[in-house]
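If you want the building blocks of each chain, they are given just below.
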Amino acid sequence: DPSILPYGADARPRRFGSRRHYSFSSSAFRDHSERVCSAMASRYGQHPAVVGWQVDNEYGCHDTIRTYDPGAQQAFREWLRRKYRNIDALNEAWGTRFWSMEYRAFEEVDLPDRTVVTEACPI
């Protein structure tokens, strides 16, 4: 399922074949994971020798936590919408007026690592 591929900061998908070729923010990945974990729990959950199991190993190793895939971008914008409620509040909090960088909509806000900041806003 290509929708589970993570994207690098260069906005290119990390293709199949490397380790950790999935995005933790992908809803499809989470759905597949839930299906597998539910099947394991149904099959082995009551076995007396099983006290627990780990569903992933080395979470976050190999620089795999951050992803810039469309799902992560959408989730970030939804988080901003919940946090600030409207784009004017975001602009005020971020001081975007200083360099005439106001956003008109949450859909214009990119993930932080895709922006180039040479100087912090002085306000």
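Above this note sits the structure.
In what follows, the accompanying structure is described.

### Considering the environment of Leu5
Part 1: Relative to the helices and strands, Leu5 resides in the segment before helix H1 (27–44).
Part 2: Classification of Leu5 by relative accessible area gives buried; the value is 10%.
Part 3: Each C-alpha atom, one on Leu5 and one on Asp69, is 7.5 Å from the other, the two residues being 64 residues apart in sequence.

### Let's talk about unusual backbone geometry
Generally, phi is negative for residues other than glycine and the peptide bonds are trans, each holding for most cases.
Part 1: Although it is not a glycine, Ala11 adopts a positive phi angle of roughly 70°.
Part 2: Tracing the sequence through the fold places Ala11 in the segment before H1.
Part 3: With a phi close to 50°, Ser100 is a non-glycine residue in the positive phi region.
Part 4: Residue position: Ser100 is located in the segment after helix H3 (87–94).
Part 5: Looking at Ser100, the relative accessible area reads 61%, which means it is exposed.

### A look at the environment of Asp56
Part 1: By secondary structure assignment, the location of Asp56 is in the loop between H1 and helix H2 (70–84).
Part 2: Distance in space between the C-alpha atoms of Asp56 and Ser33 is 10.0 Å, their sequence separation being 23 residues.

### Describing the packing of H2 against H3
Part 1: Where H2 contacts H3, the two axes come as close as 8 Å, and the packing angle between them is 90°. It follows from the interaxial angle that H2 and H3 lie roughly perpendicular. Packed against H2, whose contacting residues are Phe76, Leu80 and Tyr84, the element H3 presents Ala89, Leu90, Ala93 and Trp94 at the interface.
Part 2: When the residues that make up the contact of H2 with H3 are grouped by side-chain class, the tally is seven nonpolar, no polar and no charged.

Parameters and conventions
- Residues numbered from 1 in each chain as written.
- Predicted model: local features only at pLDDT ≥ 70, side-chain atom pairs only at ≥ 80, totals over all residues.
- Heavy atoms only, no water.
- Helix = DSSP H or I, 4+ residues; strand = E, 2+ residues; numbered from the N terminus.
- Buried < 20%, exposed > 50% of the residue type's maximum accessible area, 1.4 Å probe, protein only.
- Axes fitted to C-alpha atoms, helices over the stretch in contact; angles between N-to-C directions.
- Parallel < 35°, antiparallel > 145°, perpendicular 65-115°, else oblique.
- Contact = heavy atoms within 4.5 Å.
- Nonpolar A, V, L, I, M, F, W, Y, C, P; charged D, E, K, R; others polar.

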